[in-house]
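# What the coordinates show
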Amino acid sequence: HGVCIGVLDIFGFEIFEKNSFEQLCINFTNERLQAHFMDALVKLQQEEYKREGIKCDHIAFPDNSAQIALIDGKNVGVMARLDEECSVPKGSNEGFVEKLHIAFKDHALYAQPKRGKGSIMMVGTGMVKTDLGRGFDKLQFIVTHYAGQVMYTAHNWLDKNRGVLSADLHQVVANSDSEMLATFFPQISHDEMKKRSTVGYTFRASLRALSATMMQTTQQYVRCIKPNGEKQKELFDGVFISRQLAY
């Protein structure tokens, strides 16, 4: 068998003024890899205790399985509901978010932003740092990740999740004289275009394959800590840093 060394650069959590479908995919990846990291870390710790003769029936560690289930639960998670909205007649971004509000109204890690006094956008008892305006109210929802709360705005999410060119445009590019373009866009029928997996489904399948590969390897970790959430240099937020160290 061949021996190889792989380097996986885990892109950090993204929290912008406007967080879209790309940020959900990136942040979900971090949730998955965080869970993998914790599983590996606990197993290593248990093995070390065993070698030293220390009894350890149970090691408590932070668990983000609820976040993973919220986003990737089979047929009921945020991603699955987005796939479903892409397939229903007259599906819409607003309809998708409204269904999330109904499905997760009592979920501890999900919230619907609302406007308080003075029409200020609120999350629980806190004020949202960036208010995108009333035009986006029906497209917004909040997920509490292990790294903190993120407000997502589902603007054009259905189109992004479908992620395919129209059948006619695909055919034009497939017939290009450029061998490179023809390779990227092979000839497929209109029916096959309709059956193609969504971007979200393909992304999650790829992530599961990565996790399976990682389980067969021996991992070493280099961990980076963000000093603050303001993206400013020479600013060290003790609470912000402590929360990361707890994980």
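So, here is what we can say about the structure in this document. (Residues numbered from 1 in each chain as written. Predicted model: local features only at pLDDT ≥ 70, side-chain atom pairs only at ≥ 80, totals over all residues. Heavy atoms only, no water.)

## Digging into the nonpolar core
Under the convention used in this document: Residues belong to a common nonpolar core when they are buried Ala, Val, Leu, Ile, Met, Phe, Trp, Tyr or Cys residues joined through side-chain atoms within 4.5 Å. The rule is simple: take the accessible area with a 1.4 Å probe, protein chains only, and divide by the maximum for that residue type; under 20% is buried, over 50% is exposed, in between is partly exposed. Helical segments are the DSSP runs of H or I of at least four residues, strand segments are the runs of E of at least two, and each set is numbered from the N terminus.
In this structure, Leu24, Val78, Phe96, Leu100, Phe141, Tyr152 and Trp157 are the most contacted members of the largest nonpolar core, which totals 26 residues. Mapped by element, the contributors of at least two residues to this core are α1 (21–51), α2 (65–72), α3 (78–87), α4 (93–103), β5 (140–145), β6 (148–153) and α5 (157–162).

## Regarding the pattern of salt bridges
Our working definition: A pairing counts as a salt bridge when a side-chain nitrogen of Lys or Arg comes within 4 Å of a carboxyl oxygen of Asp or Glu.
Applying the stated rule across the entire model yields seven salt bridges. Across the pair lysine 99 and glutamate 85 runs a salt bridge whose closest N-O atoms are separated by 2.7 Å. Of this pair, lysine 99 sits in helix α4 while glutamate 85 is found in helix α3, placing the two residues 14 residues apart along the sequence. The exposure class assigned to glutamate 85 is buried, which follows from its relative accessible area of 4%.

## Things to note about the pairing of β5
Note the following rule: Strands are labelled as partners when DSSP assigns at least two bridges between them.
The element β5 is extensively covered by neighbouring structure, given that five of its six residues are classed as buried. In this structure, strand β1 (residues 110–111) lies alongside β5, joined through two bridges in antiparallel fashion. Residue pairing for β5: alanine 111 is matched across the bridge by isoleucine 142. In the sheet, β5 pairs with β6 via six bridges, with the strands oriented antiparallel. Paired with histidine 145 across the bridge in β6 is glycine 148. Between the antiparallel neighbours β5 and β6 lie two residues.

## Describing the packing of aromatic side chains
The criterion, for reference: Only centres within 6.5 Å qualify two rings of Phe, Tyr or Trp (six-membered ring in Trp) as a pair; their planes then separate them into stacked at under 30 degrees, edge-to-face at over 60, and tilted for everything else.
Counted according to the given criterion, the structure contains nine aromatic pairs. With a centroid separation of 5.5 Å and an interplanar angle of 45°, the aromatic rings of phenylalanine 104 and tyrosine 110 are classed as tilted. Each member of the pair phenylalanine 104 and tyrosine 110 is classed as buried. Members of the aromatic cluster, each reached through a chain of ring pairs, are Phe21, Phe96, Phe104, Tyr110, Phe141, Tyr152 and Trp157.

Purely spatial values, then, with no claim about function.
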